[in-house]
Amino acid sequence: MKRTIVFLFYLFFYFTCFCQAQEIGSWRDHLPTRFVIDIYKNGNTMKCVTEFNFFNYNIQTKEIEVFSRSNFLSDVNISCSEYKNNKLIIAYKNCNIDVIIDEVVYNIPDIKNSQILGEKKINGIKIYEDIAYLASSFGIIELDVANLEIKNSFQIDSLSSPVNDVVVYSDTILASSENGLYVASVNSNLSDYNSWKIIDSRNCKKMVSKGEKVYVSFTNDSKDSVFVLQKNVFLKINKDFSEIQNIVYTGNKIYVLDENNIYRIDSLNAFLYWSNTEKIVDLIITKDVFFGSKKDGLITFINNTKDTVFTNSPFTNNVFDMSYSEGKIYVAPGGLNNAWGNVNNRDGFFIYDGVFWENFSYDQSMGKNDILTVCPNPSVEQNCFIGSWNGGVLEKQGDFFTNHDFYNTNGAIDTINIVNVNNWSRIRGLCFDDNNNLWITNSQVDNPLIVKKQTDWLSFNFPGLNSSLYNFGEIIIDDFDQKWIVMPKGEGVLVFSDNNSLDQLNDDYYKRLNTNYGNGSLSSMDIYSITKDREGAIWIGTNDGISVFYSPELVFSNFNFDSQKILIEQDGYYEYLLDGQTISALCVDNANRKWIGTLNNGVFLYDESENEIVENFNKSNSPLLSNTVFDICINELTGEVFFGTDNGICSFRGVATKNYEEKDPVFVYPNPVKKNNSYVCVSGLQNNMNVKFTTVNGELIHETTSFGGQAIWNFRKKPAPGVYLVFSTSTLGLTKKIGKFLISE
């Protein structure tokens, strides 16, 4: 009975994961919606533009609909927006522009694609009639909203001063810049900078108009101030502010939002409206109050009841490393600079179960900066270890955290030897072996390799190597219990063997691999990634392509163990696989195909059995968030492939799921196959099974091979309605599985 209940629960969990995952071949992103930069109200709908996407929030039903690069927008990383007359204009940090009219996106990439010297950035947008004026780092851009085209661009002075903001009222246009406040007539030749007159030489930032009055913020080193401009006369508001975030006209009043509080402006006086408003950057007041927050998303006060609105997602878009275990993705968002120094990331870490993101804050993570890796324990439920750069090792067991450092590990987790630096333990690599021992790399110490047994901690040195001078990165363990350790900053790879005797230190040995023949023959000494494939080969990503060790067991022998480059045919020519590219991420799916991430050219999927690249995703041909990929991780239950990029995490629903056992049942979906379905999927298989689809009369309709535990029949032409059978056979014919499904009218 107990076995039956567990099995049914497993089936329920798997089917739930499938239902929550996206369609095969489709994309989704995992970007936060809590960093709101602009809010707009249209009836019962709040439009909230964030740094990465925008969402509509229905005030009555409380439903949220998110629009992002994977399902709607043309880009990611939003700098500013404007909404007027049911037209939403979104400008991205790379100067790409989307105009959204009647739920249709019109992309205007002209500025993004233009060759402009110096900084290229859009700082603010104002719509006047059918023209949108975009304040930019190189002047003002005139966007014809009706015809969806860039109409003009112009500078406000001979210095091509960057423009921080624009205001248009009556027939007058104002432009703010660090060099002062400029004015011109909308009807003049704005392309001639002589048409622009400077009326104030102070550093000018935000502006908003109210009738014939313009409220302007000026800034200096110690304080910000607001002036009212009317009929060419400046009148100062009787208060100084701290770093003004925005000036808003709402509810027929002017409000100044600084870094701490919100003030209502009456005449020339400022009255405190709301205190302690850190990160609040926008405001709408009706009979209710709505705040746009760069920390807490949309904050509403409806009938004096507070609500905070954002979707479940990772806390930030930062990602450095990802790992997988038992249906969960673990994300380390920390980072390192090029010299392997701290970037002081305080994002904590994130765990995704296929449905829900659970975020663990900096405080929950016991104040650890730069978390670089999260390693789940494959043998203990709800147990994982977290490695941080300077903060040592943190263990999470359920809701409880334990800090492992020099003092409670018998000195195994040592601290670095730098003058005036105390208690820094720099952890990058964490990996469990088959005996559930945790292996750890610790940089810039005498004993850089650590193992945590069930109760004991041990550390190892490398005789002849002054380890305190080196950083030690990612670690993996091969099928022969040898530890492969990345030595960053051009130091190659180190392989270590404890000779299957952890407690006997005098029989250990190691070897440093380099580019020399007979000593590894690496493509390069600059190593960026490492993984083990399903057949035990070690794949190493360098800044000059990929090196593969097909015989890792020979590393310490007198036989040739050197790595090889893979020769493939591409467009009629033979070349080494991704030769010359920086391979920043490597991940192997359940069909033993290699997902390869690069620093500049997106993602490639290499099928070793076919010796060809079968997919190439980049930002131009797919919803991939960026061509700079830091890590790749696969949910083996669903086949969902996660890409960690410099713009955040997105995922692609792949076909290769976990390999199932002979006793596991076949699951066919969708079933029934309906009119709008373009494929049918068979799960519960083993890798490389022959899968045949037939009619009930035995007529063969389609034949394919399973990838991991799953096979797909993509319909080129929809089969006739009726019942179909599925026959799956392993390579040697020892395992056979049968299923059936219905194609409906």
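Everything that follows concerns the structure shown earlier in this document.
The written sequence of each chain sets the order in which its residues are numbered from 1. The predicted origin of the model limits local features to residues at a pLDDT of at least 70 and limits the giving and counting of side-chain atom pairs to 80 or more, whereas totals for whole chains, interfaces and linings rest on all residues. Computation of side-chain values: all heavy atoms of the structure, hydrogens and water removed.

Residue position: Ser176 is located in strand E15 (residues 172–177). For Ser176 and Leu143, which are 33 residues apart along the polypeptide, the C-alpha to C-alpha distance reads 19 Å. In this structure the side chain of Ser176 is engaged in a polar contact, spanning 2.7 Å, whose partner is the backbone oxygen of Lys205. Only DSSP runs of H or I covering at least 4 residues are called helices, and only runs of E covering at least 2 are called strands; the numbering of each starts at the N terminus. Any N or O atom pair separated by 3.5 Å or less is treated as a polar contact, with the protein-specific requirement of one donor-capable and one acceptor-capable atom, and with residues adjacent in sequence counted only for side-chain atom pairs.

Looking at where Glu142 falls in the secondary structure, it is placed in strand E12 (residues 139–144). Note on classification: 1.4 Å probe, protein chains only; a residue is buried when its accessible area is under 20% of the maximum for its type, exposed when over 50%, partly exposed between these limits. Note that His is not counted, nor are the chain ends; the positive residues are Lys and Arg, and the negative ones are Asp and Glu. Any Lys or Arg side-chain nitrogen located within 4 Å of an Asp or Glu carboxyl oxygen qualifies as a salt bridge. For the buried residue Glu142, which engages in no salt bridge, the nearest side chain bearing the opposite charge is Lys151, 4.9 Å off. Contact definition: two residues touch when any of their heavy atoms are within 4.5 Å. Contacts of Glu142, omitting those with residues within four sequence positions, involve Ile131, Ala132, Tyr133, Glu149, Ile150, Lys151, Asn152, Phe154 and Leu190.

On to the side chain of Ser443, then. Locating Ser443 in the fold gives a position in strand E39 (residues 438–443). Judged by relative accessible area, Ser443 falls into the buried class, the value being 0%. In this view, Ser443 contacts Trp389, Ile416, Arg426, Tyr470, Asn471 and Phe472; residues no more than four positions away in its chain are not counted.

This paragraph deals with the sheet that holds strand E10 (residues 122–128). Here, a strand pair is defined by DSSP locating no fewer than two bridges between the strands. Pairing within the open sheet is antiparallel, and its four strands lie in the order E10-E11-E12-E13. Looking along the sheet, the strands with just one partner apiece sit at the ends: E10 and strand E13 (149–154). Averaged over neighbouring strand pairs, the angle between their axes works out to 20° when direction is ignored. In the sheet, E12 pairs with E13 via five bridges, with the strands oriented antiparallel. Within the sheet, the bridge partner assigned to Ile140 lies in E13 and is Phe154. Here an angle of 0 to 180 degrees is reported between the N-to-C directions of two axes, which are lines fitted to C-alpha atoms, with helices fitted over the stretch in contact.

Time to look at a negative patch on the surface. Two distance rules govern patches: like charges are joined within 9 Å, and nonpolar side chains (Val, Leu, Ile, Met, Phe, Trp, Tyr) within 5 Å, applied only to residues with over 30% relative accessible area and no salt bridge. Residue burial considers only the protein chains on display, and all accessible areas are found by Shrake-Rupley using a 1.4 Å probe. Charged side chains are reduced to one point each, which is NZ for Lys, CZ for Arg, CG for Asp and CD for Glu. A cluster of acidic residues, Glu63, Glu65, Asp102 and Glu103, forms a negative patch at the surface. Accessibility expressed as a relative area gives 68% for Glu103, which makes it exposed.

It is characteristic of soluble globular proteins that their nonpolar side chains tend to be buried jointly. Within the largest apolar cluster, 20 residues are counted, with the highest numbers of intra-cluster contacts made by Trp27, Trp595, Val603, Phe617, Ile632 and Phe643. Counting residues per element, the ones that place at least two in this core are strand E51 (583–588), strand E53 (603–607), strand E55 (629–635), strand E56 (640–645) and strand E57 (648–653). Here this core gets three residues from one element, more than from any other, and that element is E55. Excluding residues within four positions of it along the chain, Phe617 makes contact with Trp27, Trp595, Asn601, Gly602, Val603, Ser622, Leu624, Phe643 and Phe652. Buried Ala, Val, Leu, Ile, Met, Phe, Trp, Tyr and Cys residues that are joined via side-chain atoms within 4.5 Å together make up what is termed a nonpolar core. Counting residues in hydrophobic clusters, the runner-up holds 18 residues, among them Ile89, Ile97, Ile127 and Ala132.

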